[in-house]
Amino acid sequence: MLSTLLCLGRQSSSSLMRRAGMATAVRIDLSGIYPPIVTPFNQDESIAWDKLESNISKWNQHPLTGFLVHGSNGEFCYLNTKERVEVIKKVKENAGPGKLVLAGSGCESTMETISMTQAMADAGADVAVVITPCYFKGKMTGPVLEAHYTAVADASPIPVVLYSVPANTTVDLPVETVVRLAKHPNIIGMKESGEISLKIGSYGSSDQGRELPASCWLCFLPPAISCSWSCGWHLCSGKCVAWAYLPVAEALHGEQVGGGQGAPAPSDIS
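Residues numbered from 1 in each chain as written. Predicted model: local features only at pLDDT ≥ 70, side-chain atom pairs only at ≥ 80, totals over all residues. Heavy atoms only, no water.

Focus: the packing of aromatic side chains
Point 1. Applying the stated criterion to the full structure yields 2 aromatic pairs.
Point 2. Ring geometry for Trp 59 and Phe 67: centres 5.9 Å apart, planes at 45°, overall tilted.
Point 3. By relative accessible area, Phe 67 is classed as buried at 0%.
Point 4. With a centroid separation of 4.9 Å and 85° between ring planes, the pair formed by Tyr 135 and Phe 136 is classed as edge-to-face. (Phe/Tyr/Trp six-rings, centres within 6.5 Å; stacked < 30°, edge-to-face > 60°. Buried < 20%, exposed > 50% of the residue type's maximum accessible area, 1.4 Å probe, protein only.)

This is the structure we're talking about:
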């Protein structure tokens, strides 16, 4: 599966400002690599907090820019509200200095998504990654999804990233809806886990994509090689082998992404 994150906000000097009730806004720089981390469980289905801390400690030894928490790998659908928020707190507490936390905050209702996004921000999340609602999939039209995301972005104290994963939700966020949402000042990107190969032409077309900046996060499942014209990488691997892509990212950026060490063996990750 191709997992793609489209950065819809302006980059560099015109980067989106984080709005979190602070007198001085903080710029969010999404350059770098963000592995989607797993949520380790005990046999009784409770969260294995010690293993989560151990995993983060190992990942902190490598020049990752941050972590994507509560994506598909995080199995957030098996967590209750309190657990989802507590995981964000734990990751933020244990993440290395300067590492960003991208938190999955999507729920079925707009009101609950707004509430969850606020809770994620309060827990320390830097960016909210909002999956499409999907239970009433037949009603999830472009205008309905646009209204949903607009309301969430309007209310969110942190920047929002759209998240479309049709393989799990059976809801595909339409290109034309994404293009319109890209104009929202608090929506800075999209994690596209659908058939991006069929959409990329539309995103880049003069008619539908003229408002989108030329930046796109692209990632293939290993062992395929990733290619991109963007600044950010979300790597879809359950064992978080993101550091294997550092040479590719550095070659594209023309600079070293981080200090870098050898990758831990997959068996070291719980």
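Observations regarding the packing of helix H1 (residues 49-59) against helix H2 (residues 81-94)
Two quantities define a packed helix pair, namely the angle between the axes and the distance from one axis to the other.
Point 1. It is at 10 Å that the axes of H1 and H2 come closest, and there the two elements cross at 35°. The handedness of the crossing between H1 and H2 is right-handed. Contacts from Trp 49, Leu 52, Glu 53 and Ile 56 in H1 reach Glu 83, Glu 86, Val 87, Lys 90, Val 91 and Asn 94 in H2.
Point 2. Here the contact of H1 with H2 is built from residues that sort into 5 nonpolar, 1 polar and 4 charged. (Axes fitted to C-alpha atoms, helices over the stretch in contact; angles between N-to-C directions. Helix = DSSP H or I, 4+ residues; strand = E, 2+ residues; numbered from the N terminus. Left-handed = near helix turned anticlockwise from the far one by under 90°. Contact = heavy atoms within 4.5 Å. Nonpolar A, V, L, I, M, F, W, Y, C, P; charged D, E, K, R; others polar.)

Examining the side chain of Thr 39
Point 1. Inspection of the secondary structure puts Thr 39 in the loop between strand E4 (32-34) and H1.
Point 2. Exposure remark for Thr 39: the relative accessible area of 6% places this residue in the buried category.
Point 3. Separated by 2.7 Å, the side chain of Thr 39 and the backbone oxygen of Gly 74 make a polar contact. (Polar contact = N/O pair within 3.5 Å; in protein donor to acceptor, adjacent residues only side chain to side chain.)

A word on the nonpolar core
Point 1. Phe 67, Val 69, Ile 88, Val 91 and Leu 162 are the most contacted members of the largest nonpolar core, which totals 39 residues.
Point 2. Not counting chain neighbours up to four residues away, the residues in contact with Phe 67 comprise Tyr 34, Pro 35, Ile 37, Ile 56, Trp 59, Asn 60, Val 91, Ala 95, Lys 99, Leu 100, Val 101 and Leu 102.
Point 3. With 14 residues, the next largest nonpolar core counts Leu 30, Leu 102, Ile 131 and Tyr 163 among its residues. (Core = buried A, V, L, I, M, F, W, Y, C linked by side-chain atoms within 4.5 Å.)

Observations regarding the packing of helix H3 (residues 110-122) against helix H4 (residues 142-155)
Point 1. Where H3 contacts H4, the axes come no closer than 9 Å and their chain directions differ by 30°. Taken together, the axes of H3 and H4 are roughly parallel relative to one another. The element H3 and its partner H4 pack so that their crossing is right-handed. Facing Thr 110, Thr 113, Ile 114 and Thr 117 of H3, the residues of H4 in contact are His 148, Ala 151, Val 152 and Ala 155.
Point 2. Residues that form the contact of H3 with H4 fall into these classes: 4 nonpolar, 4 polar and no charged. (Parallel < 35°, antiparallel > 145°, perpendicular 65-115°, else oblique.)

What to know about the pattern of salt bridges
Point 1. One pass over the structure, following the stated rule, counts 4 salt bridges.
Point 2. Note that Lys 90 and Glu 53 form a salt bridge whose closest N and O atoms lie 3.2 Å from each other. Pair noted here: Lys 90 is in helix H2 and Glu 53 is in helix H1, with a separation of 37 residues, a long-range link.
Point 3. A salt bridge links Lys 89 to Glu 86, with the nearest nitrogen and oxygen atoms 3.5 Å apart. Taken together, the positions of Lys 89 and Glu 86, both in helix H2 and 3 residues apart, correspond to about one turn of that helix.
Point 4. Take Glu 86: its relative accessible area is 29%, and that puts it in the partly exposed class. (Salt bridge = Lys/Arg side-chain N within 4 Å of Asp/Glu carboxyl O.)

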